[in-house]
Amino acid sequence: MILYVVRRLGTGLVLAVLVTLLTFLLLSTSFDDVASSIVGPGATPAQIHQQKAQLGLDRPLFVQYGDWLGHAVRGDLGVSWFTSEPVRAAVTARLGVTLSLVVTALLLTTLISVALGVAAAARGGAVDRIAQGVSMIGHLVPNLLIAIALTYVLAVKLGWFPATGYTPLAEDPAGWASTITIPVAALMLGGVANLTAQIRGAMIGELRKDYVRTLRTRGVPTRSVVLRHALRGAAGPALTVLSLEFVQMLGGALVIEQVFALPGYGQYAFNASLQGDVPIIMGISVFGVLLVIGVNLTVDLVGGWLNPKARVLS
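Just so it is clear, the structure is predicted and the values come from calculations on it, not from any experiment.

Visitor: Just to check I follow, could you spell out the overall build of the protein chain for this structure?
Guide: For the protein chain, the count of helices and strands is 12 helices and zero strands. Across the protein chain, helices and strands are ordered from the amino to the carboxyl terminus as α-α-α-α-α-α-α-α-α-α-α-α. Looking at the protein chain as a whole, 41% of its 314 residues qualify as buried. By sequence separation, contacts in the protein chain at least 24 residues apart represent 74% of the contacts at least 6 residues apart.

Printed below as a string of structure tokens:
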């Protein structure tokens, strides 16, 4: 297992290098525009060239990337070209807002999806039709439309929740819960649809297996058969979907944070992209890749714990 973790981490680091290299090469096409933006309107070609030299953008691309990578592996992600704010501190501060949104949405998605999926597979009938209806709605309706509709009804018409803004959890837990309720609801609908459908299908497959029939003939209570045995067997595929949902929610947060004016990772990435702030965009890429690697590794380890046959022993 230790060797497996080391191999996965090694693969993840290679992936991080490839993603950041590709990101840097794509951003390099806009270096002239960025230098012009920093100098200001009416900049002469000589001033733009001088600004590029000051930022080190006149060097070969792979030399620039190598210099950035050498600092990055030591934890130095540079500073913003526009605000001189240290990248690592800036991204970390905003990442907490996004993770509070995404993790809450992911936990609620898991709880609702497991309840719906298991009930639909075990009971069928009306519960099954409800679960399938939820899945259909989640697949058909975009998150942005859900966000707008919820804001109009719950914030504008009823006034139950604020339409925009964010209250840090440490300052006021109740205020924090109020400000993220609508964004979380908008973010999680698609995840509930996908995960419910996956759990329902996997549970139906498990409940039809021979070991389940054997357990029932031995008098094992239905509740125990469903929750202790069948659900554990169905958890592997569901965990894979859950890891994909995390990535999708992280991307969806970019739109949701714009709609609700949340000072998070997504909004910061959007603004940095508009400015062409390369150090910020590179730092965001690093944190994004590391988050995905960490989630995928965690899912693999949890999946191995739930299903011993899936464990890697070497």
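Visitor: Where do I start with helix α5 (residues 87-123) in this structure?
Guide: What sets the pattern is the α-helix's 3.6 residues per turn: residues three or four places apart point alike. Taking 1.5 Å of rise per residue, 37 residues should cover 54 Å, and α5 covers 52 Å from first to last C-alpha, within 8% of that figure. At Leu95, α5 shows its strongest bend, of approximately 25 degrees. In the segment just after α5, Gly124 is the residue with positive phi, at about 65 degrees.

Visitor: Mind showing me how you'd approach the pattern of salt bridges here?
Guide: Two side chains with opposite charge may pair up if their charged atoms get near one another. Scanning the entire structure with this criterion turns up three salt bridges. A salt bridge links Glu85 to Arg94, with the nearest nitrogen and oxygen atoms 3.6 Å apart. Look at Glu85 and you get partly exposed, because its relative accessible area is 27%. Arg94 gets classed as partly exposed once you look at its relative accessible area, which sits at 22%. Note that Asp210 is salt-bridged to Arg213, the shortest N-O span being 2.1 Å. One end of the pair, Asp210, and the other, Arg213, are both in helix α9 (residues 210-217), three residues apart, so they sit about a helical turn from each other. You can call Arg213 partly exposed: its relative accessible area is 44%.

Visitor: Would you mind showing me how to read the confidence of the model for the protein chain here?
Guide: Predicted coordinates in areas of low pLDDT are best not read in detail. Counting all residues, the mean pLDDT for the protein chain is 81, and 95% of those residues have values of 70 or more. When pLDDT is averaged over each element of the protein chain, helix α4 (residues 61-72) comes out on top at 88 and helix α2 (residues 31-39) at the bottom at 74.

Visitor: When you look at the layout of surface pockets in this model, what are you seeing that I'm missing?
Guide: In this approach the atoms are scanned with a rolling probe the size of a water molecule, which exposes any empty space left behind. In this structure, the largest pocket encloses a volume near 340 Å³. Along the wall of the largest pocket there are 16 residues; nearest its centre are Leu55, Asp67, Trp68, Trp81 and Pro279. Those elements that place two or more of their residues in the lining of the largest pocket are α4 and α12 (278-306). It is α4 that provides the largest number of residues to the lining of the largest pocket, a total of four residues. Looking at side-chain class alone, the lining of the largest pocket contains 10 nonpolar, three polar and three charged residues.

Visitor: Would you take a moment to explain the packing of aromatic side chains for this structure?
Guide: Given two aromatic rings, one states the distance between the centres and the angle between the planes to describe the pair. Taken as a whole, this structure holds two aromatic pairs when the rule is applied. With a centroid separation of 6.0 Å and an interplanar angle of 50 degrees, the aromatic rings of Phe24 and Tyr65 are classed as tilted. Of the two residues, Phe24 is situated in helix α1 (residues 2-27) and Tyr65 in helix α4; the sequence distance between them amounts to 41 residues. Each member of the pair, Phe24 together with Tyr65, is buried. Pairwise contacts between aromatic rings join Phe24, Tyr65 and Trp68 into one cluster. Directly above the aromatic system of Tyr268 lies the positively charged group of Arg94, at a separation of 3.9 Å from the ring centroid.

Visitor: Would you mind going over the side chain of Glu245 with me for this structure?
Guide: For Glu245, the position within the fold is in helix α10 (residues 222-260). An unpaired buried charge is present at Glu245: no salt bridge exists, and Arg200, the closest side chain of opposite charge, is 16 Å distant. Beyond its immediate sequence surroundings of up to four residues, Glu245 is in contact with Leu106, Gly190, Gly191 and Asn194.

Visitor: Would you mind going over the environment of Thr98 with me for this structure?
Guide: As for its position among the elements, Thr98 is in helix α5. According to the relative accessible area criterion, Thr98 is buried, its value standing at 0%. Along the primary structure Thr98 and Tyr265 are separated by 167 residues, whereas in three dimensions their C-alpha atoms are 5.6 Å apart.

Visitor: What is the right way to read the nonpolar core from this model?
Guide: The nonpolar side chains of a soluble globular protein tend to be buried, and buried together. Leu101 and Met203 are the most contacted members of the largest nonpolar core, which has 69 residues in total. With 15 residues, helix α8 (residues 173-207) is the largest single contributor of residues to this core. Once residues lying within four places of it in the same chain are set aside, the contact partners of Leu101 are Ile180, Pro183, Val184, Leu187, Ala253, Ile256, Glu257 and Leu262.

Visitor: Please clarify how the packing of α5 against α10 should be interpreted in this entry.
Guide: The geometry of a pair of packed helices is captured by two quantities: the angle between their axes and the separation between those axes. Contact geometry of α5 with α10 gives a least axis separation of 9 Å together with a crossing angle of 145 degrees. Considering only the axes of α5 and α10, their crossing is right-handed. Each of Thr98, Leu99, Leu101, Val102, Ala105, Leu106, Thr109, Thr110, Val114, Val118 and Ala122 in α5 lies in contact with α10, whose residues at this interface are Val226, Leu227, Leu231, Leu242, Glu245, Phe246, Met249, Leu250, Ala253, Ile256 and Glu257. Within the contact of α5 with α10, the residues separate by chemical class into 17 nonpolar, three polar and two charged.

What counts and how
Residues numbered from 1 in each chain as written. Predicted model: local features only at pLDDT ≥ 70, side-chain atom pairs only at ≥ 80, totals over all residues. Heavy atoms only, no water. Helix = DSSP H or I, 4+ residues; strand = E, 2+ residues; numbered from the N terminus. Buried < 20%, exposed > 50% of the residue type's maximum accessible area, 1.4 Å probe, protein only. Contact = heavy atoms within 4.5 Å. Expected span 1.5 Å × (residues − 1). Bend = angle between axes of the 7 residues up to and from the residue. Salt bridge = Lys/Arg side-chain N within 4 Å of Asp/Glu carboxyl O. pLDDT = per-residue confidence, 0-100. 1 Å grid on protein atoms, 1.4 Å probe; cavity = no way out; pocket = protein on both sides within 12 Å on 5 of 7 lines; lining within 4 Å. Points joined across faces, edges and corners; volume = space filled by probe spheres on them. Nonpolar A, V, L, I, M, F, W, Y, C, P; charged D, E, K, R; others polar. Phe/Tyr/Trp six-rings, centres within 6.5 Å; stacked < 30°, edge-to-face > 60°. Lys NZ or Arg CZ within 6 Å of the ring centre and 35° of its normal. Lys, Arg positive; Asp, Glu negative; His and termini not counted. Core = buried A, V, L, I, M, F, W, Y, C linked by side-chain atoms within 4.5 Å. Axes fitted to C-alpha atoms, helices over the stretch in contact; angles between N-to-C directions. Left-handed = near helix turned anticlockwise from the far one by under 90°.

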